Amino acid sequence: RRLVPYYKSKTVEYWNCLQPLFEKAQEKCEFEFILTLLRVRGLEDAGWDVFENTERLFQKMVSLSNKVRDFETKRHLFLWLYGHTVEASEPYEIAANLMRVIQGDRYNGWNFPHRTVRGQSVPQSPATKIKKLQAMAQSIGMPGATFPFVDVFDRNLRNAIFHSDYSLYRGEVRTRNPTRRYTNEDILNLLNKALAFFMVFSNLLHGAIASYTE
């Protein structure tokens, strides 16, 4: 409860950073803007929208965590949700396409294609995507638009979560590679940032879609 003001302040801060992207892209080219909202990709039919799945999962995980009374279980759930939030590919893709439209380019279904490393197809990391978004934002004169992505992302914590390389001890999250202690407040701040970011991005996307009657 004591962090509610922090969550609210981050919600406002992220909204002010991201909302102009949607507004300016719509003003620049409404057709390409709509393609970005619908995330058109070839002949995909129903059931292939990964962001719809992420949104449903996000809401269910938050609801589930509210029913959990055990501190450790709740913390594991929220750490997993944090990792899922920073890994979700669609916010990066949507932001990149909004910037492309503002730049005067066409919608692109795959702004961050997999790379080939030692003969294997490997997805680009969030850190790599953020760097590319920063360069794009700089080119359109909107460097502040990427602040939410930068502010939410903690590479070390993300790696520790997905490599199961962390431990919980007396409210702390401790990682071994690199060695670091995240205090309870550190973790709560990062979790609230992730929650604020996801809710802002989802609401902006669906608000833009809902503005069209057909």
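Scroll up for the structure.
Because the structure is predicted, anything quoted here is derived from the model rather than measured.

Draft legend 1. Representation of the packing of aromatic side chains within the structure. Throughout the structure, instances matching the rule amount to 8 aromatic pairs. Ring centres of Phe22 and Phe201 lie 6.0 Å apart, and the angle between their planes is 70°; this geometry places the pair in the edge-to-face category. One end of the pair, Phe22, is in helix H1 (residues 4-28); the other, Phe201, is in helix H9 (residues 184-210), and 179 residues separate them in sequence. For Phe22, a relative accessible area of 6% translates into the label buried. One aromatic cluster in this structure is built from Phe22, Tyr92, Phe149, Phe197 and Phe201. The ring of Trp110 carries the charged tip of Arg41 above its face, separated from the ring centre by 4.5 Å.

Draft legend 2. Seen up close, the sheet that holds strand S4 (residues 172-176). Strand order in the open sheet made by the 3 strands is S3-S4-S5, with antiparallel pairing throughout. Either end of the sheet is taken by a strand with one partner, and the two such strands are strand S3 (166-169) and strand S5 (179-182). Mean inter-strand twist for the sheet, computed between neighbouring axes without regard to direction, equals 20°. Where S4 lies against S5, 4 bridges are found, and the strand directions are antiparallel. When the bridges of S5 are listed, Arg176 appears paired with Thr179. Packed on one face of the sheet, helix H4 (residues 71-87) meets S3 and S4 and runs near 145° to S3.

Conventions adopted
- Counting of residues starts from 1 at the beginning of each chain's written sequence and follows it residue by residue.
- Reporting of local features is limited, given that this is a predicted model, to residues whose pLDDT is at least 70; pairs of side-chain atoms are given and counted only at 80 or more, and all residues count toward the totals for whole chains, interfaces and linings.
- Calculation of side-chain values draws on the structure's entire complement of heavy atoms; hydrogens and water are dropped beforehand.
- Ring geometry is summarised as follows: Phe, Tyr and Trp rings, the Trp one being its six-membered ring, pair when their centres sit within 6.5 Å, and such pairs are stacked at plane angles under 30 degrees, edge-to-face over 60 and tilted between the two.
- Numbering goes from the N terminus for both helices and strands, where a helix is a DSSP run of H or I of at least four residues and a strand is a run of E of at least two.
- Note on classification: 1.4 Å probe, protein chains only; a residue is buried when its accessible area is under 20% of the maximum for its type, exposed when over 50%, partly exposed between these limits.
- For a lysine, the NZ atom is tested; for an arginine, the CZ atom; a charge sits over a ring if that atom is within 6 Å of the ring centre and within 35 degrees of the ring normal.
- Strands are labelled as partners when DSSP assigns at least two bridges between them.
- Inter-axis angles, ranging from 0 to 180 degrees, are taken between N-to-C directions of lines fitted to C-alpha atoms, where helices are fitted over the stretch in contact.
- In this description, contact between two residues means that some pair of their heavy atoms is separated by no more than 4.5 Å.

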